[in-house]
Every structure is written in structure tokens, then in C-alpha cells.
Amino acid sequence: VFHDDQHGTAIISGAALLNALELTGRKASDTLVVFSGAGASAIATARHFERLGISSENILMLDTTGVIYEGRKEGMNEYKERFVADTDKRTIEEALQGADVFMGLSGPGTVTADVLKEMAPQPIVFAMANPDPEIAYDEARAVRPDAIVATGRSDYPNQVNNVLAFPSIFRGAL
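Note that the structure is a prediction, hence the values are computed from the model and not measured.

Glancing now at the packing of aromatic side chains. Scanning the entire structure with this criterion turns up 2 aromatic pairs. Look at Phe35 and Phe49: their rings are 5.7 Å apart centre to centre, the planes differ by 55°, and that puts the pair in the tilted class. Here Phe49 lies in helix H2 (residues 40-51) and Phe35 lies in strand E1 (residues 33-36), a separation of 14 residues in the sequence. Residue Phe49 is classed as buried on the basis of its relative accessible area, which comes to 0%. Relative to Tyr156, the ring of Tyr137 has its centre 5.8 Å away and its plane inclined at 25°; by these criteria the two rings are stacked. Of this pair, Tyr137 sits in helix H6 (residues 137-143) while Tyr156 sits in the segment after strand E6 (148-151), placing them 19 residues apart in sequence.

Next up, the structure:
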């Protein structure tokens, strides 16, 4: 069974991630990825990223309660348990400090410009919530001109989501 919101998003964002890692000179195994969202799409994408070389220790996943951390009981289920992290970080602001990649698979307005300032140099920001991303493309680029920014929208550059054709990917990204 192939589910476009899960597997399509995982495959397309995985291809985009590999391109972005190459453009920024990062090794997958050393890359810290923060997922905003812990639904089916985020979980499928995180699992796929592990197959692409992202270390499970370098994945932080957040849901509406916050970081999915070791010992957390509230809002947990068997699927989220796979991404329990041994961390003292609890919020998106804390999770994104020094992070290389933001994977937005949640909802609009989840991330502010100030939070992006705390990410690593040349951050990779995939704000894919539709129709309104976690942070607007223009806002993210204004605060982090060194970032590779993509959304799930076709009216902005660098569309990355479960659309299986995206000819503009990373045109003028850096």
C-alpha cells in the first residue's frame, strides 16, 4: 500500500533533503533534524530519513504537547514511542537551537522568525503544512538568507511535499 500523504511526502522530502545536504556540505549521519508534527506523514518521513542515513539519535520529534522525550506519558502512542529522545529539550524553541533541519509537518505559525535565528548555519527549512506553512517562505528567507527554504505550496519556490513532480526544486535556494 502506498499512501501519498505518508510515503509520497517521505520520498519527495527525502530527495529534497539529500539535495540540501549536498548543497550545504553536510553528512546525513551528523545532521540534526527536528520534526514539528508526529502524525502519519511525519513518522513515515522520519523513518525514511533514517534509511537515508539520518541517525535516530539526531531526530527530535514534537507533537502538540512538545518534544517526544524519554519518560513522557501525555499524548503518547506506539508510533510515537519509536521516536522517543533522551533529551532535556521540551519546546520547539529549545529543539531548534543548533538544529540543521526543520521538518514542518504540522500546522501554520508553528515556528517564528526568531526561532530560525537559533538554527545552525545554512539551515534547511521545509515548512510543508498546507495551505499555510509553519512559517511563510518570505519570512523565513528574510530572517535567514543563508537557509534553504521549501514549502508545500506551488506558488512559492522549492515546493516539497507529496507532489510527485517539482521542476523548480532548489532553483536559487542559496
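Still to come is the rest of the account.
Here we come to the sheet that holds strand E3 (residues 66-67). The 6 strands are arranged E3-E2-E1-E4-E5-E6 in an open sheet whose pairing can be described as mixed. With partners counted over all chains shown, the strands left at the sheet margins are E3 and E6, one partner each.

Let us look at the pairing of strand E2 (residues 59-63). Among the 5 residues that make up E2, 5 are buried, leaving the element largely enclosed by the rest of the structure. Residues Ile59, Met61 and Asp63 line one face of E2 and the alternating positions Leu60 and Leu62 line the opposite face, and both faces are buried. The pairing of E1 with E2 spans 4 bridges and is parallel. Residue Phe35 lies in a different strand from E2, and its bridge partner there is Met61. In this region the chain leaves E1, passes through H2 and returns to the parallel neighbour E2; the handedness of that crossover is right-handed. Taking the residues that link successive antiparallel strands as the turn, the E2-E3 hairpin has 2 residues.

The rules behind the values
Residues numbered from 1 in each chain as written. Predicted model: local features only at pLDDT ≥ 70, side-chain atom pairs only at ≥ 80, totals over all residues. Heavy atoms only, no water. Phe/Tyr/Trp six-rings, centres within 6.5 Å; stacked < 30°, edge-to-face > 60°. Helix = DSSP H or I, 4+ residues; strand = E, 2+ residues; numbered from the N terminus. Buried < 20%, exposed > 50% of the residue type's maximum accessible area, 1.4 Å probe, protein only. Pairing = 2+ DSSP bridges. Right-handed = clockwise from strand over helix to strand, strands pointing away.

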